[in-house]
Each structure stands twice: as structure tokens, then as C-alpha cells.
Amino acid sequence: MADLKQFIDSNDLKPVKRITKIDEQIRNLVKHMEMVSENKITGIRTGLNQFDKHTGGLQGTDLIVIAAETSQGKTSLALSIAFNAAVNQSAKVAVFSMEMSDIQITARLTAMQTGISSKKLLFQPLARYDWEVFNLKMGTLPNADIYIDDCSSSNIDYIISGIKVAQMQQGIKVAIVDYLQLVKDGSKRSDESEIASNVRRFKNVAKELNITVILLSQLRREANPKPTINRLRGSGQIEEAADIAMLIWRPEYYGIQSYDDTDLSTTGTAEVIIAKGRNYGVGKFWLNFDPATTYFSNIQANEHRSEEPGF
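The following paragraphs examine the structure supplied in this document. (Residues numbered from 1 in each chain as written. Predicted model: local features only at pLDDT ≥ 70, side-chain atom pairs only at ≥ 80, totals over all residues. Heavy atoms only, no water.)

1. Regarding the overall build of the protein chain
Counting its regular elements, the protein chain contains ten helices and nine strands. The buried share of the protein chain, reckoned over its 311 residues, is 50%. Here the contacts in the protein chain between residues at least 6 apart in sequence split such that 67% fall between residues at least 24 apart. Accessible area for the protein chain stands at about 15600 Å²; split by element, carbon and sulfur atoms hold 48% of it. (Helix = DSSP H or I, 4+ residues; strand = E, 2+ residues; numbered from the N terminus. Buried < 20%, exposed > 50% of the residue type's maximum accessible area, 1.4 Å probe, protein only. Contact = heavy atoms within 4.5 Å. Areas by Shrake-Rupley, 256 points an atom, 1.4 Å probe, with all protein chains shown as cover.)

2. Considerations on a nonpolar patch on the surface
A surface patch of nonpolar side chains, amounting to about 320 Å² of accessible area, comprises I103, L122 and F123. The topology assignment puts L122 in helix α6 (residues 118-123). (Patch = residues over 30% accessible without salt bridge, like charges linked within 9 Å, V, L, I, M, F, W, Y side chains within 5 Å. Salt bridge = Lys/Arg side-chain N within 4 Å of Asp/Glu carboxyl O.)

3. Considerations on the pattern of salt bridges
Following the criterion strictly, the structure yields eleven salt bridges and no others. As a salt-bridge pair, D261 and K284 come within 2.1 Å of each other at their nearest N and O atoms. Placement of the pair is D261 in the loop between β6 (244-249) and β7 (269-277) and K284 in strand β8 (residues 283-290), with a sequence separation of 23 residues. When its relative accessible area of 22% is taken as the criterion, K284 is described as partly exposed. Residues participating in the shared-partner salt-bridge network are E69, R221 and R231.

4. Regarding the nonpolar core
Counting 47 residues, the largest nonpolar core has F51, I66, L77, I214 and M246 as its most contacted members. Sort the elements by how many residues they give to this core and helix α4 (residues 74-89) lands first, with nine residues. Sequence-distant contacts of M246, defined by excluding residues within four places in its chain, comprise F51, I64, V65, I66, A67, L77, V272, I273, I274 and F285. Listed in part, the 36 residues of the second largest apolar core include I156, I211, V213 and L215. (Core = buried A, V, L, I, M, F, W, Y, C linked by side-chain atoms within 4.5 Å.)

5. Things to note about helix α8 (residues 156-170)
The first and last C-alpha atoms of α8 sit 21 Å apart over 15 residues, in line with the 21 Å expected at 1.5 Å per residue. Capping the start of α8 is the job of one residue whose side-chain oxygen sits 2.8 Å from the backbone nitrogen of D157: N155. G171 sits one or two residues past α8 and shows a positive phi near 70°. (Expected span 1.5 Å × (residues − 1). Polar contact = N/O pair within 3.5 Å; in protein donor to acceptor, adjacent residues only side chain to side chain.)

6. Comments concerning the packing of α4 against helix α5 (residues 102-114)
Two packed helices can be described by the angle between their axes and the distance between those axes. In contact at an axis separation of 10 Å, α4 and α5 are set at 65° when each is read in the N-to-C sense. The hand of the α4/α5 crossing is right-handed. Taking contact as the criterion, the partners of T75, S76, L79, S80, F83 and V87 in α4 are, on α5, I105, R108, L109, M112 and Q113. Per-class residue counts for the contact of α4 with α5 are six nonpolar, four polar and one charged. (Axes fitted to C-alpha atoms, helices over the stretch in contact; angles between N-to-C directions. Left-handed = near helix turned anticlockwise from the far one by under 90°. Nonpolar A, V, L, I, M, F, W, Y, C, P; charged D, E, K, R; others polar.)

7. Structural notes on unusual backbone geometry
Across the junction of D178 and Y179, the peptide omega takes the value 0°, indicating a cis bond. Looking at the secondary structure, you find Y179 in the loop between β4 (174-178) and α9 (191-209). The residue S71 is not glycine, and still its phi comes out positive at about 70°. Within the secondary structure, S71 sits in the loop between β1 (63-68) and α4. Of note, the phi angle at N279 is positive, near 75°, even though the residue is not glycine. Considering the arrangement of structural elements, one finds N279 in the loop between β7 and β8.

8. So, the side chain of N198
Mapped onto the fold, N198 is located in helix α9. Beyond its immediate sequence surroundings of up to four residues, N198 is in contact with I156, L180, V183, K184 and D185.

9. A short note on the packing of aromatic side chains
Counted according to the given criterion, the structure contains six aromatic pairs. Taking the centre distance of 6.3 Å and the plane angle of 75° together, the rings of Y259 and W286 count as edge-to-face. Remark: W286 occurs in strand β8 and Y259 occurs in the loop between β6 and β7; sequence separation between them is 27 residues. Three or more aromatic residues joined by ring pairs form one cluster here, namely W249, Y253 and Y254. (Phe/Tyr/Trp six-rings, centres within 6.5 Å; stacked < 30°, edge-to-face > 60°.)

10. Let's talk about α5
Compared with the 18 Å implied by 1.5 Å per residue over 13 residues, the 18 Å span of α5 between its first and last C-alpha is a close match. Buried within α5 are the following residues: I105, A107, R108, L109, T110, A111, M112, Q113 and T114. Considering only its buried residues, α5 is in contact with α4, β2 (93-97), α6, α7 (128-137), β3 (146-149) and β9 (295-298). Immediately downstream of α5, the backbone of G115 shows phi near 85°, a positive value.

11. Here's the deal with the sheet that holds strand β5 (residues 212-218)
Taken in spatial order, the nine strands make up an open sheet running β3-β2-β4-β5-β1-β6-β7-β8-β9, and their pairing is mixed. What marks the edges here is a single partner per strand, and that holds for β3 and β9. Strand-to-strand twist in this sheet, taken as the mean axis angle between neighbours without regard to direction, amounts to 25°. Here β7 runs beside β8; their pairing, made up of six bridges, is antiparallel. Looking across to β8, one finds that A270 is bridged to L287. α8 rests against β2, β3 and β4 of the sheet, and its axis sits at about 160° to β2. (Pairing = 2+ DSSP bridges.)

Quick look at the structure:
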């Protein structure tokens, strides 16, 4: 952490406040409107078609919170977005994880690329056929601009400094932090007060650097496992600071065989609820989920009764 802070100080990485006149911003708005009128994605594509259509992709300055109970796929969804953005859109993405090691994250991303489960990659000797698949399907993943920091410190200053350094040195456009409740600020304040302060700092760094910050968050456990935004664990400030709050619901995990409002099978699928969308509105959509590779992908139109579920 000291080295990162020294780099920040020595390079004078202080935010520059720039005041602009309204006419310049109107020109920027018109350009944006023209792109929207042409059905162009204005941000970075996540590869999740319904999300991209709803939000225009990942937008600079946005703080996106992905929340769910344990084992619902928070990290998996974030890494699926990272994979699609970096491999398919050449976006530069940094992952800051207090949950997983760099090799575990790499194994998950490699599983998404090759179709070989991360469990097999990490813990089982590969057969000759698996090695052939591995070598054949690795494709452009080794050249993708994905940067991984399996944080040696969970201190907020360390993580914020790491994001700033990655943006300065590598030009990242997306930072993923896994996960909020593990981030500490060294104070003796209550958990709720600490979380409130930390989430606001992540929003501020997204705005300062004009990047997207994707922040993972736990939900409080309740008797009814279906996620709601008021179950964000720790503070109402999470909802307030977030531009987008996405909740993951995989009924299959709980032995539930049907969704409330669609005929789609719960087997191998997930519902993603946009419970808050500042400037975007709320809605929901469904995705396929492959437990072996922990990859979320689009559901084809013929697999569902609607081509535009929830929007």
C-alpha cells in the first residue's frame, strides 16, 4: 500500500476540476442522442444483451452494485462481464478481489474461454483431450487487457490507490471490487457507517476517473430468499450511492422449479433484477448460467416467450 501511495504522491495524481459551459455539454448531449437514435451502444458492451440495450452498456462514472446472497453468482456475473468486455470489446478491466486468489480468478476466466471447468483446471490432472481443447480454445484471452489484484490489504486506501494506478498505467475503463463488506477503512466506526463511507468513495473514484466501478455486495439472509434491494447488507447508503443496483436470483439453488412471472425453467438459468437504475429505470431479464464454468450468457429468443423480458 505504501508503494502505491508513494506513486500517487510522486506523480501528483490529484483530481482536476474542469468547469464547462452549457453549450459544450449540449454538443456532447446531441452526439450522444445521435448514437442512441442509431441504436448504437454508447458505453462498453457487457455481452449481456438485455442489460446493454437497457443501459447502453457500461458507462463512465457509474457505480454498479451487484448484490445477492452467498453462492448466487456475484463474482461469476462480474467476471462474465469482465470477460466479455475485455475479450470481445478490447476494454481494459481490473479486478480487485479479497475473496479469491489471482490464480483462482484466472482459472474462472479460462473456464469461460475453454469450456473446461475451473475445478478441473485447478484440481484435476487434464487428459490429453482436455489439453488439446485448452490449447485450441484459449484464443485471445492471454492478450486480453484484464489486470488482477488479489488484494494483500482490504484497506480502502489501498484499493482506491490501486484503481487510480491501474487507470494511470494501464488506462482501465472498468474496475471490479469483490466485495464491499470486506473493505475496511481502519476506523472503529460501526459497520454501517464504515460501509456508507466506503461506497461513497467508490462512487467518487468512478466519477473522478470517468470509469465504471462494479462493486459486489452481500444481501442479508431472510426466510424468503428472493432478493430485494432493502436487503443490501450494511447500509442504505449502498442503494443511494449506486447508479445501478443489480440483484441475482437463482431459484434452482433453493430447489425452486419455477419463476413467479415467466414460464422459463429455473434449471441452469438466473433472473437479474435491476432494482435501481439512475437515469435508466428498473426492470429484469434472464440469463443462462453454466455451473461448471460459472459463466452467465444470453438466453436465445426461442428459449423464452419474450425477446425483451422485463423491459
